[in-house]
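Here is how the chains run, residue by residue.
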Amino acid sequence: MKQNLPVIDRETELEEGVSLVSKTDLKGVIIYANEAFIKVSGFSADELIGRSHNIVRHPDMPPAAFAWMWRTLQRGRPWRGLVKNRCKDGGFYWVDACVVPVRKNNETIGYMSVRQRADRKEIERTEALYAQLRETGAGIPERKLPNLMTIKNGFWLGCIFVIFLMLAGGILGIGGLRLSNDALTSLYQQQLIPIGKVSEIDRLMLENRAVLLEFQRDADQQRQGDEQAMTPASRLADIQARRTEMERLWQEVQAVEMDVAAKSARLAFEHRYQRYLEHGLKPIEAALAAGQFERAAQLVSLHLSPLYHEAAQANQKLQQAMRASAQIAYQDTRERNRSIWEAAMAGIAFGIFAVLIVGAVFLRDIVQPLNKAITRFDRIAQGDLTDPVDLSGHGETGQLNRAIATMQLHLKVMMDEISLVSNRIYGSCHHLNTALFEVAEHSEEQHDRVYQATVAMRDTVAESGRLGEQVEQLATTAEQLHFTVRDHELIRAELESLAQQVMALAQQAAVSTRLQAFGAEEIAEKMGQIAELIVDNRHETQSAYAASERLKTAADQLKQLVGYFETTRSANSQ
C-alpha cells in the first residue's frame, strides 16, 4: 500500500456543516473535487483531478478498513466509516465518510464520497480499533446471519411457523382427543364390559343356585298335583342355558388383557369356577337328567352351596381387582389428558410468546426502519439533507435505507455542484458586466471623439474649399495682371514670368486643394460610418449587458434554490 510521507502531528478540524465531496472512476481516479475538499486537503484542483484518491491516504489507516470498504462497494452497497486523511503539508483530518456507487443504466460507473466532520468520541474509538488492526493485521469480520432477516424470508418463516403451530395444535388436539377416545374405549371395552360380564357370571351362578334350592319344593308341588309347578325338565333346561351363557361369558373374560393383580384374581376365580362347574353344577345336571332327584337335592346342599360361595367370593375379588385396574386406567387417562392439556397450553403460550417475539423483531427490523425511511423522505421533501446517513438494516428495509442514503448524498453533491456553478456564473456575469460597462463607456468616448474629428474634418473640407476658391481668385488676378502688363515693355518680361509662375502655382494649389477636399470629404464619410458602427456596437453592448443581467438573475435564482437546502442545513446545525 502506498505510504504518503512525510506526516506531522497537526490536525485540521472540519467546520460543522461542511461537506468534502469527490468523485472517482472505477479505478479510484479523482474526476471531481469540490472547493471544500480542495481547501482542506491543501492540494490544488490540478493536483487532485486525474490522480488516484489515495493521494490523501494517511499511513495510520489500516489496509483492513479499505478492504472492507472495497468489499462493500463491489457488492453495490454504500459504505460508511471514519477515515483519517493526510493533508499536503503532512497534517491530517478526520472525516465521517460515506462512499456510494454511482450507477447508470443499472451499472456502476464510478464512486462518490461525501465526508463530514466526525464526532470526537467516535474518533477515539475508531483510532483505538485501527491501531489494533495495524498491530494484528486482522481483517474486519462480517456478520452474515442478519442478512437472512428480510421481509421475504420473514414471510416464509412466518408461514412455516404458523403451519407448524397449526400442525402441532392439530396433533395435540386431534391426537389428544383420539388418545382420550381410545383410552375411554379401552376402559369401556377392556375394563367395564368385562366387569359386567364377570358380574353377569355371578348373577347366573346365583340364579342357578336359587333354582336348585327351589327344585325340591317344585318336586313336592308336582307330586301333590299342582299343575303350575315347573317340571324338572324345564328346570334342567334353564340351568343348562345359564351354564352355557356363563361359559361363553367366561371365555370372553379370559380373552381380555389385565394387569397382574387382575390376572391373579382371575386365576383364583377360574380355579373355583371350574370346581363349581365340575364338582357342583354338572353332577347335579347329570342327576336331574337321570331322574335322580333325591341325589340332586343332596348334591345341592352338600357340594353346590359351598362351591358357589367360594366361587362367588372369588368373583367379587375379581370384580374388585378389575375395578381397581379400571380406576388405574381411568387415572392414567386423566393424567394423559392433563398432560395433553398442559402441552396444548404450553404450545399456546409458546405460540403467543413466539408471535410476540416475532412481532417485536418485525417492529424493530421492519416497521421502525420503514417509519424512519418515511420520516427521512419527508425531511428530504422539506429540503432537509442533514439527517445522518443510515446504512443499517437488512433485507428490503436495509436496501431502502441505503437507497435513501445514496439519494441524499447525490442530492447533496448536486446542490454543491449547482451552488458552485451558480457562484461561478454569478462571478463571471459580474466580471462580464463590468467589462461591458467599461466597453460601453469607451464606446461613448470613442463616439464623441469620432464625432468631434468628423466635425473638424468637415470644417477642414470647408476651409479647403474656401482656400481653393481663393487660389482660383489668385489665378484669375494673375491672369488679369498678365494682360495688364503686356503693354509695358520694360517690366513685361519679368512680370509675365512671375505671372506664369503664380498661375502655375495657383493651378497646382487649386488641384491639390480640391484633391485634399475630396479626400477629406471621403475621410469624413468613413468616420461617419465608424461613428454609426460605434453606435451599433453600443447598442449590442447594452443588449449583452442586459443578457448578462438576466443570466445573473438566473444564477441568483439557482442560489436561492440551493439556499432552500442550505438554510435548512444551517438551521439544523445551529
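Anything mentioned here points back to the structure above.
Residues numbered from 1 in each chain as written. Predicted model: local features only at pLDDT ≥ 70, side-chain atom pairs only at ≥ 80, totals over all residues. Heavy atoms only, no water.

Next up on the list: the environment of Lys 84. Its place among the elements puts Lys 84 in strand β3 (residues 79-86). The spatial distance from the C-alpha of Lys 84 to the C-alpha of Asp 96 is 9.1 Å, given a sequence separation of twelve residues. Not counting residues up to four positions away in its chain, the partners in contact with Lys 84 are His 58, Asp 60, Met 61, Phe 92, Tyr 93, Trp 94 and Glu 127. A distance of 2.7 Å separates polar atoms of two side chains, one belonging to Lys 84 and the other to Asp 60. (Helix = DSSP H or I, 4+ residues; strand = E, 2+ residues; numbered from the N terminus. Contact = heavy atoms within 4.5 Å. Polar contact = N/O pair within 3.5 Å; in protein donor to acceptor, adjacent residues only side chain to side chain.)

Glycine aside, residues mostly have negative phi angles, and peptide bonds mostly take the trans form. Phi is positive for Asn 105, close to 55°, though the residue is something other than glycine. Following the sequence through the fold, Asn 105 ends up in the loop between β4 (92-104) and β5 (107-117). Overall, the relative accessible area of 68% leaves Asn 105 in the exposed class. For Asn 106, which is not a glycine, the phi torsion comes out positive at approximately 65°. Assignment of secondary structure puts Asn 106 in the loop between β4 and β5. Here Asn 106 falls in the exposed class, since its relative accessible area comes to 70%. (Buried < 20%, exposed > 50% of the residue type's maximum accessible area, 1.4 Å probe, protein only.)

Let us now look at the pairing of strand β1 (residues 20-24). Among the five residues in β1, four count as buried, and that is most of the element. Pairing geometry for β1 and β5, over five bridges, is antiparallel. Residue pairing across strands places Val 21 opposite Val 114, the latter belonging to β5. Across three bridges, the pairing between β1 and strand β2 (residues 30-33) is antiparallel. Bridging from a neighbouring strand, Ser 22 pairs with Ala 33 of β2. Linking two consecutive strands that pair antiparallel, namely β1 and β2, is a turn of five residues; a positive phi of about 85° is found at Gly 28 within it. (Pairing = 2+ DSSP bridges.)

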